[in-house]
Amino acid sequence: MANLKEVVSTLEKMAPLSLAESWDNVGLLIEPDVKKSIECVFLTNDLTEDVLEEAQNAKANLIISYHPPLFKPFKRIILKNWKDRITSRCLSQGIAVYSPHTSWDAVKEGLTDWLISCFDGSVTVLQPHSENPEFSHIVTVVSDTCEDSPLIVVNAFMELYPQFKLNNDLKILSTGHTQLKLLCNSNILSLFNEMTKYHYMSAFVQKNEMIPETDVGTGRLCHFREGLTIRNVIQRVKCHLKVNNLMVALARGSTLESTINSAATVAGSGASVLNGVNADLYLTGEMSHHEILDAVHNNVTVILANHSNTERGYLKVFADNLSQKIPQLRVCISNVDRDPLLFV
């Protein structure tokens, strides 16, 4: 058996929460006071009341809900609201809830890589992930004379401003008799203005930016090895997502027999990322009417599958991966979880 801390640690290693979008609410969302061994993990795309009943019947100790069931802050928990009822029942039944959401989207071989895998070709990340560095700026202080050592002057000013702490607001990278290079945060930059006023010194400041990772981030773009007709693309997507119907907006002047050579994809609602991407096809869950019109008038065909239909199929992939990581777990996938919209 595994405990909750061990399982959560494994989940965070599989998809680090640092990859999630800044607006997202990911990680362990419900932690019951009753400590139980984790025997059954229950996977779902959305945690609804029907799904919770199914998870209880499966004797689940932990629910992994791709979409976070808790997003906006609660002021009260009352049984009148369905999300409050879910929270109350999970706490009373000792069921923990974890949500990975956009960390699954961004990670290598995660949800978005699974979504684009219905095509054969060269895949790149649309918006590569770049972590914020520990310090925001790089400062080079150069003495205009041989008399003042930049290091001595910086140390003197640090004593005058005790609110600034070495290795907290400022970190020295290298030092010489006439030059000092250091990392710092923006709140300390004014200190260097004071230094250059009263000493024969110059300070050069630049932003400290980490090189974006090339295989993690938001969205994917695939350049096909061989051109495909739009009709063939539609069949591939249906088979991959296991859906019978899709919504298709053909690019201006295109037909189902037109050949395309590239596709860009974002799970769920992808217009904000896909807008302006140079691809023949946009594949996502939902877009607004005017976003679709913009795409087709820019010679882009759009395929929409409904929001969660672009995400749910990855649960099986993740279930297999989690079972390999922690083989003593019983991993179940919801059978009642489905997109609320149906084609009729």
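On a predicted model such as this, the values are computed, not experimentally measured, just so you know.

Caption draft 1: Region of interest: the overall build of the chain. Scanning the chain from terminus to terminus reveals 11 helices and 15 strands. In summary, the chain has a C-alpha radius of gyration of 26 Å against a globular reference of 20 Å for 344 residues, an excess of more than 25%. The dimensions of the chain, computed from C-alpha atoms along their principal axes, are 80 × 60 × 40 Å. Counting over 344 residues, the chain shows a buried share of 47%. Long-range contacts, defined here as pairs at least 24 residues apart, represent 73% of the contacts in the chain between residues at least 6 apart. Here the chain displays about 18,400 Å² of accessible surface, and carbon together with sulfur accounts for 49% of that area. Of the charged side chains in the chain, 30 are positive and 38 negative, and the gap between their average positions amounts to 7 Å.

Caption draft 2: Molecular detail of the packing of helix H6 (residues 150-160) against helix H7 (residues 189-198). Where H6 contacts H7, the two axes come as close as 11 Å, and the packing angle between them is 120 degrees. Viewed along their axes, H6 and H7 adopt a mutual orientation that is oblique. The two elements H6 and H7 meet at a crossing, and its hand is right-handed. Along its contact with H6, which presents Val 153, Val 154 and Phe 157, the element H7 presents Leu 191, Glu 194 and Met 195.

Caption draft 3: Summary view of the environment of Leu 329. Its place among the elements puts Leu 329 in the loop between helix H11 (314-325) and strand S15 (330-333). Remark: the alpha-carbon pair of Leu 329 and Phe 204, spanning 125 residues in sequence, is separated by 55 Å. Setting aside residues up to four positions removed in sequence, Leu 329 forms contacts with Val 7, Ile 38, Glu 39, Val 41 and Leu 322.

Caption draft 4: View of the environment of Met 1. With respect to the element layout, Met 1 can be found in the segment before helix H1 (4-14). In this structure the C-alpha to C-alpha distance between Met 1 and Ile 38, which are 37 residues apart in sequence, comes to 6.4 Å. When neighbours within four sequence positions are excluded, Met 1 is seen to be in contact with Ser 37, Glu 39 and Gln 328.

Caption draft 5: Just the sheet that holds strand S1 (residues 27-30), in detail. Ordered by their spatial adjacency, five strands build an open sheet running S1-S4-S3-S2-S15, and the pairing between neighbours is mixed. Looking along the sheet, the strands with just one partner apiece sit at the ends: S1 and S15. Adjacent strand axes in the sheet meet at a mean angle of 25 degrees when their direction is disregarded. Across four bridges, the pairing between strand S2 (residues 40-44) and S15 is parallel. Paired with Val 41 across the strands is Val 331, a residue of S15.

Caption draft 6: Geometry of helix H2 (residues 49-57). Of all the positions in H2, only Val 51, Leu 52, Glu 54 and Ala 55 are classed as buried. Angularly, the buried residues of H2 cover 160 degrees about the axis, an arc narrow enough to put them on a single face. Among the exposed residues of H2, those oriented more than 90 degrees off its buried face are Asp 50 and Asn 57. For H2, the secondary structure elements touched by its buried residues are S2, strand S3 (62-65) and helix H3 (82-93). Phi for Lys 59, located one or two positions after H2, is positive at around 60 degrees.

Caption draft 7: Local environment of H1. Taken residue by residue, H1 has Leu 4, Val 7, Val 8, Thr 10, Leu 11 and Met 14 as its buried positions. All buried residues of H1 fall inside an arc of 160 degrees around its axis, so they share one side. The outward face of H1, more than 90 degrees from its buried face, is lined by the exposed residues Lys 5 and Lys 13. Where H1 is buried, its residues contact S1, S3, strand S4 (96-99) and H11. Measuring from the backbone nitrogen of Lys 5 back to the side-chain oxygen at the start of H1 gives 3.2 Å, which picks out Asn 3 as the cap.

Caption draft 8: Quick look at the nonpolar core. Within the largest apolar cluster, 51 residues are counted, with the highest numbers of intra-cluster contacts made by Leu 62, Ile 64, Phe 119 and Leu 322. Once residues lying within four places of it in the same chain are set aside, the contact partners of Phe 119 are Cys 222, Phe 224, Leu 228, Val 233, Arg 236, Val 237, Ala 263, Leu 281 and Leu 283.

Caption draft 9: Spotlight on the side chain of Asp 24. Structurally, Asp 24 can be placed in the loop between H1 and S1. Buried within the structure, Asp 24 lacks any salt-bridge partner; its nearest side chain of opposite charge belongs to Lys 83, at an N-O separation of 11 Å. Those residues in contact with Asp 24 that sit more than four places away from it in its chain are Pro 68, Phe 71, His 101 and Thr 102.

Caption draft 10: View of the pattern of salt bridges. For the coordinates displayed, the defined rule picks out seven salt bridges. With its nearest N and O atoms 3.8 Å apart, the salt bridge here joins Asp 215 to Lys 108. In this pair, Asp 215 is assigned in the loop between strand S9 (201-207) and strand S10 (217-229) and Lys 108 in the loop between helix H4 (102-106) and helix H5 (111-116), connecting sequence segments 107 residues apart. The partly exposed category is assigned to Lys 108, whose relative accessible area is 49%. A salt bridge links Asp 337 to Arg 312, with the nearest nitrogen and oxygen atoms 2.8 Å apart. Here Arg 312 lies in the loop between strand S14 (301-304) and H11 and Asp 337 lies in the segment after S15, a separation of 25 residues in the sequence.

Here is what the cut-offs are and how they apply
- Residues numbered from 1 in each chain as written.
- Predicted model: local features only at pLDDT ≥ 70, side-chain atom pairs only at ≥ 80, totals over all residues.
- Heavy atoms only, no water.
- Helix = DSSP H or I, 4+ residues; strand = E, 2+ residues; numbered from the N terminus.
- Rg over C-alpha atoms; globule rule 2.2 N^0.38 Å.
- Buried < 20%, exposed > 50% of the residue type's maximum accessible area, 1.4 Å probe, protein only.
- Contact = heavy atoms within 4.5 Å.
- Areas by Shrake-Rupley, 256 points an atom, 1.4 Å probe, with all protein chains shown as cover.
- Lys, Arg positive; Asp, Glu negative; His and termini not counted.
- Charge placed at Lys NZ, Arg CZ, Asp CG, Glu CD.
- Axes fitted to C-alpha atoms, helices over the stretch in contact; angles between N-to-C directions.
- Parallel < 35°, antiparallel > 145°, perpendicular 65-115°, else oblique.
- Left-handed = near helix turned anticlockwise from the far one by under 90°.
- Pairing = 2+ DSSP bridges.
- Arc of directions from axis to C-beta.
- Polar contact = N/O pair within 3.5 Å; in protein donor to acceptor, adjacent residues only side chain to side chain.
- Core = buried A, V, L, I, M, F, W, Y, C linked by side-chain atoms within 4.5 Å.
- Salt bridge = Lys/Arg side-chain N within 4 Å of Asp/Glu carboxyl O.

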